[in-house]
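# Summary of structural features
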Amino acid sequence: MVRIGVLTDMSGPYADTAGKGSVEAVKMAIKDFGDTVLGKKVEVVWADHQNKADVGATHARTWFDREGVDVIVDINNSAVAVAVNNLARERGKLIINTGGASDILTNEYCAPTAIHYTYDSYALTNGAVRGMLSQGKKDWFILGVDYALGKAMAANVTEFLREGGGKLVGMTFHPLNASDFSSFLLQAQASKASVINLANGTSDTVNTIKAAYEFGITPKQTLVPNLLFINDVHALGLRYGQGMVLTTGFYWDRTEATRAWSRRFFEKMKKMPSMIHAGGYSAVTNYLKAVQATKSDDGATVARQLKKVPIEDFFAQNGKVREDGRMVHDMYLVQIKKPEESRYSWDYYKVLRTIPGDEAFRPLSKSTCKLVKAS
């Protein structure tokens with residue numbers, strides 16, 4: 001039997017963008033592949049990491065050491081992902097991170113059997129920061145979530161501001177799943193920065209944006225979210241989100257292929273897929289292809305195969321897995337539509353530009369991954 005583990009947030013702030021939808025996307029991939037590989041049944045198991053690194057690591061350790069799980073996917077919390085990357089390195093087990101964001105996973109925490117698949121903090125901040133700087137918005141304030149995700153995105157934004165001639169005038173961090181953003185937003189407002197950069201995610205981002213409107217901070221200061229899923233836009237509403245520019249790894253309504261798969265997902269989940277859901281399906285499909293090609297479910301063997309072959313499907317265009325574990329693929333700079341521009345439910349984005357993968361993601365020349373230095 002080949003066992004695939006989905007380690008995700010089932011009950012917290014990231015459950016809507018991953019959670020049960022991630023499990024369903026993996027099940028869809030397995031069924032579409034035929035439910036078996038190398039004559040073995042493919043089974044999916046899942047666990048809730050509760051956004052706690054120790055909880056996530058315990059689940060991963062149990063799966064690897066006692067329950068015969070061959071690969072873990074999703075891992076939609078950067079702190080959890082770091083802990084699981086370390087386990088993958090120690091045990092030679094494969095993980096395909098389809099939900100975590102921090103680009104430290106393919107830098108200081110890279111591992112031979114760890115692949116970062118869907119997006120990362122570098123790619124998410126890259127397009128948006130450069131776009132705002134080109135509009136003359138040079139002074140920035142960062143409002144981020146106080147754990148690995150927020151710190152990584154803040155570091156990326158600071159790097160792009162320095163390279164692009166921008167200026168960081170202030171920074172503050174809030175707890176995950178915060179209930180009140182007033183004190184943090186008042187600091188941002190007092191800074192008089194042209195841009196308030198949101199280095200957080202999901203419900204934290206949605207609640208920050210709504211609070212900023214209530215305090216009259218926008219439109220005087222421009223909000224730039226680094227990580228905003230289409231599910232968040234659905235919860236937020238176009239009234240609040242209209243005009244915002246962001247980077248995404250997937251949009252359901254972009255091509256005939258994305259629409260066809262997304263409608264199948266919608267039939268099961270009654271919502272359109274996030275990029276985590278689409279990335280999870282793609283990752284598991286390509287994992288099973290690699291198992292079939294190598295006639296092995298050994299983590300190191302499959303990882304090497306995934307780094308040899310191009311990845312091209314409804315999710316990933318021009319995809320390739322580099323030696324640092326980063327799956328490079330095209331990303332998309334999008335703008336949230338005005339309410340009157342939306343023609344039907346979930347019609348939320350205008351695609352402004354396709355960002356080629358080699359431009360979107362951190363170049364290997366800037367990598368701190370030891371696998372790159374050794375190659």
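All values derive from a computational prediction rather than experimental measurement. (Residues numbered from 1 in each chain as written. Predicted model: local features only at pLDDT ≥ 70, side-chain atom pairs only at ≥ 80, totals over all residues. Heavy atoms only, no water.)

Here we come to helix α7 (residues 202-214). Compared with the 18 Å implied by 1.5 Å per residue over 13 residues, the 19 Å span of α7 between its first and last C-alpha is a close match. Thr 202, Asp 204, Thr 205, Val 206, Thr 208, Ile 209, Ala 211 and Ala 212 are the residues of α7 that are buried. Positive phi shows up at Gly 216, right after α7, with a value of about 75°. (Helix = DSSP H or I, 4+ residues; strand = E, 2+ residues; numbered from the N terminus. Expected span 1.5 Å × (residues − 1). Buried < 20%, exposed > 50% of the residue type's maximum accessible area, 1.4 Å probe, protein only.)

Before going further, it helps to spend a moment on the nonpolar core. One finds Ile 4, Leu 94, Ile 96, Tyr 119, Trp 140, Tyr 287 and Tyr 349 to be the most contacted residues of the largest nonpolar core, which totals 106 residues. If we ignore the near neighbours within four places in the chain, the residues touching Leu 94 are Phe 64, Asp 70, Val 71, Ile 72, Thr 113, Ile 115, Tyr 287, Gly 299, Val 302, Ala 303 and Leu 306. Grouped together as the second largest cluster of nonpolar side chains are 22 residues, Val 45, Ile 72, Val 80 and Leu 105 included. (Core = buried A, V, L, I, M, F, W, Y, C linked by side-chain atoms within 4.5 Å. Contact = heavy atoms within 4.5 Å.)

If you walk through the whole model with that rule in mind, you get 1 disulfide. Through a disulfide, Cys 110 is tied to Cys 369; the S-S separation comes to 2.1 Å. What sets the handedness of the Cys 110 and Cys 369 disulfide is the S-S torsion sign, and at about 90° it is right-handed. With Cys 110 in the loop between β5 (94-97) and β6 (114-116) and Cys 369 in the loop between α13 (357-360) and α14 (370-374), the pair connects residues that are 259 residues apart, well separated along the chain. Classification of Cys 110 as buried rests on a relative accessible area of 7%. (Disulfide = S-S within 2.5 Å.)

The next thing to look at is the pairing of strand β10 (residues 222-225). The pairing of strand β9 (residues 195-199) with β10 spans 4 bridges and is parallel. Across the sheet, Asn 197 pairs through a bridge with Val 224, a residue of β10. Assessed by its sense of winding, the connection that carries the chain from β9 through α7 to β10 is right-handed. (Pairing = 2+ DSSP bridges. Right-handed = clockwise from strand over helix to strand, strands pointing away.)

Our next topic: the packing of aromatic side chains. Per the stated rule, a full pass over the model turns up 14 aromatic pairs. Geometrically, the ring pair formed by Tyr 117 and Phe 315 is stacked, given 6.1 Å between the ring centres and 20° between the ring planes. One end of the pair, Tyr 117, is in the loop between β6 and α4 (121-134); the other, Phe 315, is in the loop between α12 (299-306) and β12 (320-321), and 198 residues separate them in sequence. Judged by relative accessible area, which is 3%, Tyr 117 ranks as buried. For Phe 315, a relative accessible area of 0% translates into the label buried. An angle of 35° between the planes, with centres 5.9 Å apart, marks the rings of Trp 346 and Tyr 348 as tilted. Grouping residues by exposure puts Trp 346 and Tyr 348 together as buried. Among the aromatic residues, those joined into a ring-pair cluster are Tyr 117, Phe 250, Trp 261, Phe 265, Tyr 281, Phe 314 and Phe 315. (Phe/Tyr/Trp six-rings, centres within 6.5 Å; stacked < 30°, edge-to-face > 60°.)

Every buried residue of helix α6 (residues 182-191) is listed here: Phe 184, Leu 185 and Ala 188. Down the axis of α6, the sector holding all buried residues measures 95°, keeping them to one side. Elements in contact with the buried residues of α6: β7 (139-145), β8 (167-174), β9 and α7. Two residues or fewer past α6, Lys 192 is found with a positive phi of approximately 60°. (Arc of directions from axis to C-beta.)

Before going further, it helps to spend a moment on the layout of surface pockets. Empty space within the largest pocket amounts to approximately 250 Å³. Counting residues per element, the lining of the largest pocket draws most heavily on β10, at 3 residues. Here the lining of the largest pocket is composed, by residue class, of 7 nonpolar, 7 polar and 1 charged. (1 Å grid on protein atoms, 1.4 Å probe; cavity = no way out; pocket = protein on both sides within 12 Å on 5 of 7 lines; lining within 4 Å. Points joined across faces, edges and corners; volume = space filled by probe spheres on them. Nonpolar A, V, L, I, M, F, W, Y, C, P; charged D, E, K, R; others polar.)

When two helices pack together, their arrangement is given by the angle between the helix axes and the distance between those axes. Running from N to C, helix α10 (residues 256-269) and helix α11 (residues 275-294) point in directions that differ by 105°, and their axes come no closer than 12 Å. Viewed along their axes, α10 and α11 adopt a mutual orientation that is roughly perpendicular. Touching Trp 261, Arg 264 and Phe 265 of α10 are His 277, Ala 278 and Tyr 281, all from α11. In terms of residue class, the contact of α10 with α11 is built from 4 nonpolar, 1 polar and 1 charged. (Axes fitted to C-alpha atoms, helices over the stretch in contact; angles between N-to-C directions. Parallel < 35°, antiparallel > 145°, perpendicular 65-115°, else oblique.)

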